[in-house]
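# Fold and contact review
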Amino acid sequence: MLQLPPLSLYIHVPWCVQKCPYCDFNSHAQKGDLPHLEYVAALLEDLDQDLKWAQGRPLSSIFIGGGTPSLLSVEAMQTLLDGVRARIALTPDCEITMEANPGTVEADKFAGFQRAGINRISIGVQSFQQEKLARLGRIHGPEEARKAAALAHAIALPTFNLDLMHGLPDQSLDDALYDLQQAIDCAPPHLSWYQLTIEPNTAFASKPPRLPEDDTLWDIYEQGHAILTARGYQQYEISAYAKAGYQCRHNLNYWRFGDYLGIGCGAHGKMTDLASGQIVRSAKVKHPKGYLDPARSYLDNQWQVTEDELPLEYFMNRFRLFEPVPKAEFEAYTGLGLERVETMLAVAQTKELIEDLGDDWQLTALGHRYLNVLLELFMDE
């Protein structure tokens, strides 16, 4: 029987100083002054229209992403978070994350963000080598990245994350491990360490750079994973490592097939509707001009996830995690019986991609390495 999972809120701020050539997110280069308070007013009106999906649940996490949310003024951030708190309850330990570019992190400004309620920042470092940063179109240098991490420690944030890429253009194994060591030396409680991929409709897609060979990529992952593990970081998701107790709660809710409201330009949401027994996804208007139009409709599209689509939707999120997958959770959060996936999971067992632990399923090391092969079983469901 379908049950309501925990609820999160994603807030999208679409502006950046400049667009990075690898980025396929809904971001727009800043031109002139930002409409800080006008955009916040629109965000809160957008949230008002989505509150029906909360169905009595408080927010367990808020994630302010982009773009570069740290471009917002302190006044705008305070107004935004005050407005959210006035409209919906937050759990006592609600995690409130803001993404930040090291080039836009200033001590006085960030102290204001913290007073507004930000208790976690995610700093987009990507590399500690100037040449690599230039190739990626980043506006900061290695020292600014180190200073941003030092600031997070200095103001005693409960936790923070560093975003770091590997598999960069012309990157050697030594280059990648140097970057990783520099990140570890900043002592972040959480480290997102992910491989650069070339996405459609990006500058890199139209003019692809030379990326490392597959053997080099595997060496980077294998040796980097060993270094992170030795330094006390636990891999809890494909691209996420954390010290014990510092996993990103917001992303965990995504991967555990929780619900999330999505407000702001191009934001996506996933909601469970107990009254109809449906799981619904939504997308908001992408361009800031359209989103801020006085005759606006914030909602661009909304659709039901069909029963045939639910197994893949569930497992493509849940199997990213290294923790066991409770069978009861599958039934509760999809409303489907286990018989809908028995055949696919039996095939996965014969291929040694998963283990049946009785009450749970557990991916094997082989399953994590060949996750796409595993998910293909559900595409034929």
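The rules behind the values
Residues numbered from 1 in each chain as written. Predicted model: local features only at pLDDT ≥ 70, side-chain atom pairs only at ≥ 80, totals over all residues. Heavy atoms only, no water. UniProt positions renumbered as here; feature names shortened; annotations may be inferred. Salt bridge = Lys/Arg side-chain N within 4 Å of Asp/Glu carboxyl O. Helix = DSSP H or I, 4+ residues; strand = E, 2+ residues; numbered from the N terminus. Buried < 20%, exposed > 50% of the residue type's maximum accessible area, 1.4 Å probe, protein only. Axes fitted to C-alpha atoms, helices over the stretch in contact; angles between N-to-C directions. Parallel < 35°, antiparallel > 145°, perpendicular 65-115°, else oblique. Left-handed = near helix turned anticlockwise from the far one by under 90°. Contact = heavy atoms within 4.5 Å. Nonpolar A, V, L, I, M, F, W, Y, C, P; charged D, E, K, R; others polar. Patch = residues over 30% accessible without salt bridge, like charges linked within 9 Å, V, L, I, M, F, W, Y side chains within 5 Å. Areas by Shrake-Rupley, 256 points an atom, 1.4 Å probe, with all protein chains shown as cover. Pairing = 2+ DSSP bridges.

Going by what an unreviewed UniProt entry lists, the chain is known as Heme chaperone HemW and is assigned to Aeromonas popoffii. Here the chain is described in UniProt, under the heading Sequence similarities (unreviewed entry), as follows: "Belongs to the anaerobic coproporphyrinogen-III oxidase family. HemW subfamily."

So, on to the pattern of salt bridges. Within the structure shown, the criterion is met by 22 salt bridges. A salt bridge links Lys284 to Asp50; the shortest N-O distance between them is 2.8 Å. Of the two residues, Lys284 is situated in strand E13 (residues 278-284) and Asp50 in helix H1 (residues 36-50); the sequence distance between them amounts to 234 residues. Asp50 matches Lys284 in its accessibility class, with the two residues each being buried. Measuring nitrogen to oxygen at the nearest pair gives 3.0 Å for the salt bridge that ties Arg57 to Asp259. Of this pair, Arg57 sits in the loop between H1 and strand E4 (59-66) while Asp259 sits in strand E11 (residues 259-264), and the two are 202 residues apart along the sequence. Owing to a relative accessible area of 0%, Asp259 belongs among the buried residues under this scheme. One salt-bridge network, in which partners are shared between bridges, spans Glu131, Lys132, Arg135, Asp170, Asp175 and Arg210.

A few words now on the packing of H1 against helix H2 (residues 74-87). For the pair H1 and H2, the least separation of the axes is 9 Å and the interaxial angle reads 15°. In terms of orientation, H1 lies roughly parallel with respect to H2. In this structure, H1 meets H2 at a crossing whose hand is right-handed. Residues His36, Leu37, Val40, Leu43, Leu44, Leu47 and Asp48 of H1 form the contact with H2, whose own contacting residues are Glu75, Ala76, Thr79, Leu80, Gly83, Val84 and Arg87. Partitioned by chemical class, the residues of the contact of H1 with H2 number 8 nonpolar, 3 polar and 3 charged.

A contiguous nonpolar surface patch, about 240 Å² in accessible area, is contributed by Leu366, Tyr370 and Val373. Structurally, Tyr370 is set in the loop between helix H14 (365-369) and helix H15 (371-379).

This part is about the pairing of E11. Of all 6 residues in E11, 6 are buried; the element is thus mostly enclosed. Direction of pairing for strand E1 (residues 7-13) relative to E11: parallel, over a ladder of 6 bridges. Within E11, the position partnered with Leu7 by the bridge is Asp259.

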